[in-house]
Amino acid sequence: QVQLVESGGGLVQAGGSLRLSCAASGRTFSLYVMGWFRQAPGKEREFVAAISWSGGTTYYADSVKGRFTISRDNAKNTVYLQMNSLKPEDTAVYYCAATNRGNWSDRRVYEYWGQGTQVTVSS
C-alpha cells in the first residue's frame, strides 16, 4: 500500500502561483511513477502531469505545458507541482496518484490516490 496526502492548495488570483505537495508513505516511493490529476465540478478527472521514478522524464497535458512543473524528491518521499500563471480554468480539486504501469496520462493505470486539495483561481 501507498498512502498519499496532498497539500498546498488554496485561493489565488489569476496570474498567481501555487506549489502543491504530495507526501507518500508505505511502499518504496521511488519505485513509482507519480502523477497529478485534477477534477473540476461537473467534469471528468483529467491528467495534468507525471514524472518517472527517477525524475528524469516528465510529461504534461497541453493545457498546462509551460506553466506547470512536476518534480520529486525521493529522499523526502514527496512529489511537487509548481503552478505558475494560473488561470480561472485551472480551478479544480488536484489529486496525486502513483502507478508502476505505463500510459501515464490514463487515470485507470494509477493504483493509489490521495484525497485531493482544492485550487481556486479567481479572475
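Residues numbered from 1 in each chain as written. Predicted model: local features only at pLDDT ≥ 70, side-chain atom pairs only at ≥ 80, totals over all residues. Heavy atoms only, no water.

Novice: Tell me about the overall build of the chain, residues and numbers included.
Specialist: Summing up its helical and strand segments, the chain has 0 helices and 11 strands in all. Along the chain, helices and strands appear, N-terminal first, in the series β-β-β-β-β-β-β-β-β-β-β. In terms of overall dimensions, the chain is globule-like: its C-alpha atoms have a radius of gyration of 13 Å, near the 14 Å expected for 123 residues. C-alpha atoms of the chain, sized along the principal axes, occupy 40 × 25 × 25 Å. Within the chain, contacts between residues separated by at least 24 positions form 57% of all contacts whose residues are at least 6 apart in sequence. Charged side chains in the chain number 13 positive and 9 negative. The centres of these two groups are separated by 3 Å. (Helix = DSSP H or I, 4+ residues; strand = E, 2+ residues; numbered from the N terminus. Rg over C-alpha atoms; globule rule 2.2 N^0.38 Å. Contact = heavy atoms within 4.5 Å. Lys, Arg positive; Asp, Glu negative; His and termini not counted. Charge placed at Lys NZ, Arg CZ, Asp CG, Glu CD.)

Novice: Run through the packing of aromatic side chains, naming residues and quoting values.
Specialist: Scanning the model with the defined rule gives 7 aromatic pairs in all. Here Phe-37 and Tyr-110 contribute two aromatic rings whose centre-to-centre distance is 5.0 Å and whose plane-to-plane angle is 80°, an arrangement assigned as edge-to-face. In this pair, Phe-37 is assigned in strand β4 (residues 33–39) and Tyr-110 in the loop between β9 (92–99) and β10 (112–113), connecting sequence segments 73 residues apart. There is no split in this pair, since Phe-37 and Tyr-110 are both buried. Through a chain of ring-to-ring contacts, three or more aromatic side chains come together here, namely Phe-37, Phe-47, Tyr-59, Tyr-95, Tyr-110 and Trp-113. Sitting over the face of the ring of Tyr-95, Arg-45 holds its NZ or CZ atom 3.6 Å from the ring centroid. Across from the ring centre of Phe-29, 4.4 Å away, lies the NZ or CZ of Arg-72, which sits over that ring. (Phe/Tyr/Trp six-rings, centres within 6.5 Å; stacked < 30°, edge-to-face > 60°. Buried < 20%, exposed > 50% of the residue type's maximum accessible area, 1.4 Å probe, protein only. Lys NZ or Arg CZ within 6 Å of the ring centre and 35° of its normal.)

Novice: Lay out unusual backbone geometry with the relevant residues and their values.
Specialist: Backbone geometry places Asn-77, a non-glycine residue, at a positive phi of 55°. Here Asn-77 shows up in the loop between β7 (68–73) and β8 (78–83). For Asn-77, a relative accessible area of 28% translates into the label partly exposed. With a phi angle near 50°, Ser-85 is a residue other than glycine that sits in the positive phi range. Its relative accessible area of 41% is what places Ser-85 among the partly exposed residues.

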